[in-house]
Amino acid sequence: MSEDDVSKATFQVEDYLNALYKNEGTKYNAILTDGLKISYFSFVGENVEHSSLRDFSVKDLDTIIKAILSNNTKTFVPQNILKDFSIYTNADTVSKQLAKELFSLITTSPTEKTLMLLNEWENLMHLSVNNDSGQSNDIEKRRKDLSLIFDLTINSSETEYKALYALQTTYAIIVKLIACKVIDRLNYNNKSSSYFDLSQISSADLQKFLSDVEDGYSYKSNNIDNLLEGDFFSWYSDRNQWNDKIYKCIKESIQIIDTYSAFSFNVRYNPIDIFKDLYMSIIPKSIRHSMGEYFTPKWLSDYVVENSTRNLRSGWKAIDPCCGSGIFIISMIRKIVGDRELVNISDEEKESLKKEILSRVYGIDINPLSVLSARVGYFMALLPFGKVSDIEIPVYLGDSELTP
């Protein structure tokens, strides 16, 4: 094609993608090719960007086949996850059903293991209580929000903590199920070697699988450490706590997540914090503020990272001592990768970048739920660089104010 032909064709593709987005609200990807050369188109934020036109290769054919196989699937972006898993006070979503069942188990038939984990978790939480001066309005608002979610009156600290524990466990389960999905093969057993298989197995088999996941099984099989090792929210998977209602809710969640795909041929490297909005939709604002949780917008984290690293020598290392769901971690990773076109980075360069990121970007947080989110977000930010194995996710649970 002549330069004029390329220019016209590029404009037509961009115009078509923008029209689809305007009319349908969907951000599609596209390719431009004459069979000899190829260019990739994708949205970065609200704008369509494209790679340079280059020779068609075997890798491009592989990418196109994967794109076809991933057709009619959803991408892991906040708006899709919110639509499927938000807990609205006026909608009976699967997340709300799961939270209610978990709350019922905690209040009526908890096992010794559940009570032990609940007590340890409570020691980390810092909700204001009745004897805190000036906090009565906050407490009233908090309990009202929880009462609306669980359709009952919550008027004691004990019940309030149990309700919050049920909500946080619900969120943790969804995040862990998403983590299972983004691994290509589970390599668990002949009944559940792929994610789809999880929606077909029996209640007992799913309980056993999730119990092993809570012990870090799925990821240790790929030699991935510090991703899903046991936390305060594993109690639901205990054989003595598991029941048919939990099984049905988690099975439905798995079926929903199986409609997603982690595949992408984004032109630019553009990882995002996909869990922040979900967390804010499940944990009421009144509770987040009681615990001192405030979320930094993407534009601000990018601005801080850009200006903080401007005068540093190359190869800088950084740690976020209160990383939350990982917004600054994502910004730091994005800064290291830079503005390179992903489709033009060789496999060797991608492997080198992956190792560089892991040795330079770290996070710590005292909230186990935040640490879980940041770890899975970090893991997903590495996926564009190929198979993720033989690594340790450098995000840790701890109080950064306390040093040995």
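Residues numbered from 1 in each chain as written. Predicted model: local features only at pLDDT ≥ 70, side-chain atom pairs only at ≥ 80, totals over all residues. Heavy atoms only, no water.

Undergrad: Would you explain the overall build of the protein in this entry?
TA: The secondary structure content of the protein amounts to 16 helices and eleven strands. At 23 Å, the protein has a C-alpha radius of gyration in line with the 22 Å of a compact globule built from 404 residues. By principal-axis analysis of the C-alpha atoms, the protein measures approximately 75 × 50 × 45 Å. Counting over 404 residues, the protein shows a buried share of 50%. Taking the contacts inside the protein whose residues are at least 6 apart along the sequence as the reference set, 71% of them involve residues at least 24 apart. A total accessible area of about 19,800 Å² is found for the protein, and carbon and sulfur atoms account for 50% of it. Here the protein carries 44 positive and 56 negative side-chain charges, and the mean point of each set is 1 Å from the other. (Helix = DSSP H or I, 4+ residues; strand = E, 2+ residues; numbered from the N terminus. Rg over C-alpha atoms; globule rule 2.2 N^0.38 Å. Buried < 20%, exposed > 50% of the residue type's maximum accessible area, 1.4 Å probe, protein only. Contact = heavy atoms within 4.5 Å. Areas by Shrake-Rupley, 256 points an atom, 1.4 Å probe, with all protein chains shown as cover. Lys, Arg positive; Asp, Glu negative; His and termini not counted. Charge placed at Lys NZ, Arg CZ, Asp CG, Glu CD.)

Undergrad: Could you clarify how one ought to interpret the pattern of salt bridges in this entry?
TA: Pairing is possible between side chains of opposite charge, provided their charged atoms come close. As enumerated under the stated definition, the model contains 18 salt bridges in all. A salt bridge links K8 to D4, with the nearest nitrogen and oxygen atoms 3.5 Å apart. Residue K8 and its partner D4 are located together in helix α1 (residues 3-24), separated by four residues, close to a single helical turn. When its relative accessible area of 45% is taken as the criterion, D4 is described as partly exposed. (Salt bridge = Lys/Arg side-chain N within 4 Å of Asp/Glu carboxyl O.)

Undergrad: Just to check I follow, could you spell out the nonpolar core for this structure?
TA: Inside soluble globular proteins, nonpolar side chains tend to come together where they are buried. Grouped together as the largest cluster of nonpolar side chains are 98 residues, with contacts concentrated most on F150, I250 and Y378. In terms of residue count, the dominant contributor to this core is helix α7 (residues 157-182) (16 residues). V13, L17, A30 and V48 belong to the second-largest nonpolar core, a separate cluster that totals eight residues. (Core = buried A, V, L, I, M, F, W, Y, C linked by side-chain atoms within 4.5 Å.)

Undergrad: Looking at this structure, I do not really get the packing of aromatic side chains. What am I missing?
TA: For any pair of aromatic rings, the description rests on two quantities: the centre-to-centre distance and the angle between the ring planes. For the coordinates displayed, the defined rule picks out ten aromatic pairs. For the ring pair Y165 and F233, a centre distance of 5.9 Å and an interplane angle of 40° mean the geometry is tilted. Note that Y165 is positioned in helix α7 and F233 in the loop between β6 (224-225) and α10 (244-257), a separation of 68 residues in sequence. For the residue pair Y165 and F233, the accessibility class agrees, reading buried in each case. The structure contains a cluster of three or more aromatic residues connected by ring pairs, namely W121, Y161, Y165, F233 and W235. Above the ring of W316, the side-chain terminus of R360 is found at 4.6 Å from the ring centroid. (Phe/Tyr/Trp six-rings, centres within 6.5 Å; stacked < 30°, edge-to-face > 60°. Lys NZ or Arg CZ within 6 Å of the ring centre and 35° of its normal.)

Undergrad: It is not clear to me how the sheet that holds strand β8 (residues 318-320) should be interpreted in this structure. Could you clarify?
TA: Hydrogen bonds between backbone atoms are what pair the strands of a sheet, whose relative direction is either parallel or antiparallel. Spatially, three strands are ordered β8-β9-β11 in an open sheet, and the strand pairing comes out parallel. Either end of the sheet is taken by a strand with one partner, and the two such strands are β8 and β11 (395-397). Taking the axes of each pair of neighbouring strands and ignoring which way they run, one obtains an average angle of 20° across the sheet. Sheet strands in contact with helix α15 (residues 347-360) are β8 and β9 (361-365), and its direction is about 40° off that of β9. Lying on the sheet, helix α16 (residues 368-382) is in contact with β9 and β11; it crosses β11 at an angle near 165°. (Pairing = 2+ DSSP bridges. Axes fitted to C-alpha atoms, helices over the stretch in contact; angles between N-to-C directions.)

Undergrad: What should I look at first to understand the packing of helix α14 (residues 327-337) against α15 in this one?
TA: Where α14 meets α15, the axes come as close as 10 Å, and the angle between the chain directions of the two elements is 140°. Considering the angle they form, α14 stands oblique to α15. Handedness of the crossing formed by α14 with α15: right-handed. The residues of α15 that touch α14, namely those facing I333, I336 and V337, are L353, E356, I357 and R360. A per-class count over the contact of α14 with α15 returns five nonpolar, no polar and two charged. (Parallel < 35°, antiparallel > 145°, perpendicular 65-115°, else oblique. Left-handed = near helix turned anticlockwise from the far one by under 90°. Nonpolar A, V, L, I, M, F, W, Y, C, P; charged D, E, K, R; others polar.)

Undergrad: Before we go on, may I ask you to explain the pairing of strand β2 (residues 37-44) in this structure?
TA: Each regular strand carries side chains that alternate between the two faces of the sheet. Of all the eight residues making up β2, six are buried; the element is thus mostly covered by neighbouring parts of the structure. Strand direction decides the pairing type here: strand β1 (residues 30-33) and β2, joined by four bridges, are antiparallel. Counterpart to L32 in the pairing with β2 is S39. Where β1 hands over to β2, the hairpin turn is made up of three residues, of which G35 adopts a positive phi near 95°. Where β2 and strand β4 (residues 54-55) come together, two bridges link them in antiparallel fashion. By the bridge assignment, I38 is partnered in β4 with R54. For β2 and strand β3 (residues 47-50), the ladder comprises four bridges, and the chain directions are antiparallel. Along β3, the bridge assignment pairs V44 with N47. Between β2 and β3, which pair antiparallel and follow one another directly, the connecting turn spans two residues, one of which, G45, has a positive phi of 70°.

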